[in-house]
Amino acid sequence: MPSQTKGWSPYLAGALSGLVSVGSVLVAGKYLGASTTFVRGAGMAEQLYAPDVVATLSYYLKEKPVFDWQFLFVCGIALGAYLAAQLSGDFKVQLVPDSWKARFGPSPWLRGVAAFAGGAVAMFGARLADGCPSGHGLSGMSQMAISGYVAGACFFAGGIVMARLLYRGK
Amino acid sequence: MELFFGLITGVLFGFLLQRGQVLRYDKQLGALRLKDMTIVKFMLSHIMVAMVGIYLLNDLGLVKLSLKATILGANILGGLIFGLGWGLVGYCPGTSVGAVGEGRLDALWAIAGMLAGAAIFARCYDALLGTVYTWGVYGKLTLPGVLGVSHWLVIMVLLAVFAAVLRFIERKGL
């Protein structure tokens, strides 16, 4: 499938994204990050059916359910990825990733349950660690923060363990 | 204006994530299965450029660092929990939304799960404050700060280490 192999060198894309990050710090004073937005998003969703919970939980008071720089940044990632995929003919609706399908079969429901559960665990961990591969991995390690290197190493350690469990012997 | 900058930065970053092919489950699991290091190449290239740029601008007084506190209990435990979930979902928070942008709709499940995970965490936060968050609290540390040497020396060493890692990856054909 040639439409799935077109892309830039990850070195080029990564280095350019590093420049974007430097530009963002210079122009807006903002370091890249993503996971706090999911707290704000969860707070917004919960406000629809349990506003009193959102008004009392200290974590929602700390990370208020409002649109901020990072929230728009995260929305922008989806838009930018969409534009890039459309412009390069790389856009393709897919419900089950190739390597998942090869290992666990074509069921979108099994993949959906795993993605939901994995996402929930990952976000719990990211909030506990105070960042994800963007905030700790990219921004933290770029600033040579000890927290970034510790968390980054643990992200990969946990991920390698889970990948081993799921793809044992494959 | 701040919101506008956020959107523009996100569009640029998302564009590059897509072009670098790092939004895919297959690539993220490829790295965790130690078979395809595309995302490591992307991340290390990003860090090498951003590290030099940010410290250069910081020396010139044009930007400020924004360090996350080192709390070993939270960083390590949270990091490992994140990793276990990451290995299952195959997207991180930033790439999940980008993956939807390029049509990988299983990432919608990932995003829903992440929102649920954030809501669960919000309910555990107070209990964690008195426990995990009190284990190994060291404040806002940097590598050069701890080592007590010039940040440029550490930057040079890290650039060399990252370059060596990337060279190793290329030699192994990963």
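No experiment lies behind these values; they were computed from the predicted model shown.

Draft legend 1. View of the overall build of chain A. Within chain A, the regular secondary structure consists of nine helices and zero strands. Along chain A, from the amino end to the carboxyl end, the secondary structure elements read α-α-α-α-α-α-α-α-α. Each of the three principal axes of chain A carries a C-alpha extent, and together these read 50 × 40 × 35 Å. Scored against the burial criterion, the 170 residues of chain A give a buried share of 58%. Considering only contacts in chain A between residues 6 or more positions apart, those separated by 24 or more positions represent 54%. Total accessible area on chain A stands at roughly 6800 Å², and carbon and sulfur atoms take up 71% of it. Side-chain charges in chain A split into 13 positive and 7 negative, and the spacing between the mean points of these groups amounts to 12 Å.

Draft legend 2. Seen up close, the packing of aromatic side chains. This model, assessed by the stated rule, comprises 18 aromatic pairs over all chains. Here the aromatic rings of Phe156 of chain A and Trp86 of chain B are separated by 5.2 Å at their centres, their planes lie at 80°, and the arrangement is edge-to-face. Highlighted residues: Phe156 of chain A in helix 9 (residues 146–166) and Trp86 of chain B in helix 4 (residues 72–89), drawn from two different chains. Here Phe156 of chain A falls in the partly exposed class, since its relative accessible area comes to 21%.

Draft legend 3. Structural detail: a nonpolar patch on the surface. Residues and elements named next belong to chain A. A contiguous nonpolar patch, built from Leu79, Tyr82, Leu83, Leu87, Phe91 and Val93 and spanning about 550 Å² of accessible area, is present on the exposed surface. Within the secondary structure layout, Phe91 lies in the loop between helix 5 (69–87) and helix 6 (98–104). A residue is classified by how much of its surface remains accessible, and Phe91, at 30% relative accessible area, is partly exposed.

Draft legend 4. View of the interface of chain B and chain A. Taken together, the 115 residues of chain B in the interface contact 117 residues of chain A. A per-residue breakdown of the area chain B buries against chain A is headed by Arg19, Lys68 and Leu88 of chain B, which together make up 7% of the total. Our count for the chain B to chain A interface comes out at five salt bridges. For the salt bridge of Arg123 of chain B with Glu46 of chain A, the shortest nitrogen-to-oxygen distance reads 2.5 Å. For the pair chain B and chain A, the number of links is 36 residue pairs in polar contact (both at pLDDT 80 or more). When residues of the side of chain B that touches chain A are assigned to their parent elements, the largest contribution, 20 residues, is made by helix 6 (residues 106–129) of chain B.

Draft legend 5. Spatial organisation of the pattern of salt bridges. Inspection of every chain in the model, using the stated rule, returns 13 salt bridges over all chains. The closest approach of N and O atoms between Glu63 of chain A and Arg40 of chain A, which form a salt bridge, is 3.4 Å. Of this pair, Glu63 of chain A sits in the loop between helix 4 (58–62) and helix 5 while Arg40 of chain A sits in helix 2 (residues 35–49); the two residues are 23 residues apart in sequence, bridging distant segments of the chain. The two residues Glu63 of chain A and Arg40 of chain A agree in class, both being buried. Arg104 of chain B is the partner of Glu102 of chain B in a salt bridge, and the nearest nitrogen-oxygen pair spans 2.5 Å. Since its relative accessible area comes to 0%, Glu102 of chain B is described here as buried.

The rules behind the values
- Residues numbered from 1 in each chain as written.
- Chains lettered and ligands numbered in written order.
- Predicted model: local features only at pLDDT ≥ 70, side-chain atom pairs only at ≥ 80, totals over all residues.
- Heavy atoms only, no water.
- Helix = DSSP H or I, 4+ residues; strand = E, 2+ residues; numbered from the N terminus.
- Buried < 20%, exposed > 50% of the residue type's maximum accessible area, 1.4 Å probe, protein only.
- Contact = heavy atoms within 4.5 Å.
- Areas by Shrake-Rupley, 256 points an atom, 1.4 Å probe, with all protein chains shown as cover.
- Lys, Arg positive; Asp, Glu negative; His and termini not counted.
- Charge placed at Lys NZ, Arg CZ, Asp CG, Glu CD.
- Phe/Tyr/Trp six-rings, centres within 6.5 Å; stacked < 30°, edge-to-face > 60°.
- Patch = residues over 30% accessible without salt bridge, like charges linked within 9 Å, V, L, I, M, F, W, Y side chains within 5 Å.
- Salt bridge = Lys/Arg side-chain N within 4 Å of Asp/Glu carboxyl O.
- Buried area = accessible area lost by both parts, 1.4 Å probe.
- Polar contact = N/O pair within 3.5 Å; in protein donor to acceptor, adjacent residues only side chain to side chain.

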